[in-house]
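# Structural characterization, general
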Amino acid sequence: MSGPEAAIQAEIRLVLGGERDVALWRNNVGLAEFWNERLRRMVRVEYGLAVGSADLVGIGPGGTFLALEVKTERGRTTPEQERWLELVRLKGGVGRVVRSAEEAVEVVRAMRARTGGV
Ligand SMILES: [Mg+2]
């Protein structure tokens, strides 16, 4: 990922990074291929939490699991991303698609309102 989505994500990390009730980590998802000397062959390793897992993952107000899938204004989620966010919500977490830092801040505000946080 690069370009506008990366810029939005960087802004979100900057804006929410200073919040005492939020901790978010970057979750890179993908498949890496590299040479394994011992096996004498190329090996493939999946990285990231899971296929479709969100760009930013962590803890929000109230200690609630928080997952933010960052998209540009016209960016589309994949079916895997939708399924993963739905799973987060099903298990009691907050899983949202956000298209700006303002939207991410609004998600956190709504979480605070629900948990009685400041
Ligand atoms: Mg994304």
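Anyway, here's the lowdown on the structure attached to this text.

### Considering the overall build of the protein chain
- Summing up its helical and strand segments, the protein chain has 3 helices and 6 strands in all.
- Order of helices (α) and strands (β) in the protein chain, N terminus to C terminus: α-β-β-β-β-β-α-β-α.
- A burial count over the protein chain gives 37% of its 118 residues as buried.
- Roughly 7500 Å² of accessible area belongs to the protein chain as shown, and the carbon and sulfur atoms make up 52% of that amount.
- Treating the 18 positive side-chain charges of the protein chain as one cloud and the 16 negative ones as another, the clouds have centres 4 Å apart.

### Remarks on the sheet that holds strand S6 (residues 94–98)
- Taken together, the 4 strands give an open sheet; going across it, the order is S1-S4-S5-S6, and neighbouring strands pair in mixed fashion. If you trace the sheet from one side to the other, it starts and ends with strand S1 (23–26) and S6, each paired once. Across the sheet, the axes of successive neighbouring strands diverge by a mean angle of 20 degrees, strand direction being ignored.
- By the bridge criterion, 4 bridges tie S1 to strand S4 (residues 56–59) in an arrangement that is antiparallel.

Basis of the calculations
Residues numbered from 1 in each chain as written. Predicted model: local features only at pLDDT ≥ 70, side-chain atom pairs only at ≥ 80, totals over all residues. Heavy atoms only, no water. Helix = DSSP H or I, 4+ residues; strand = E, 2+ residues; numbered from the N terminus. Buried < 20%, exposed > 50% of the residue type's maximum accessible area, 1.4 Å probe, protein only. Areas by Shrake-Rupley, 256 points an atom, 1.4 Å probe, with all protein chains shown as cover. Lys, Arg positive; Asp, Glu negative; His and termini not counted. Charge placed at Lys NZ, Arg CZ, Asp CG, Glu CD. Pairing = 2+ DSSP bridges. Axes fitted to C-alpha atoms, helices over the stretch in contact; angles between N-to-C directions.

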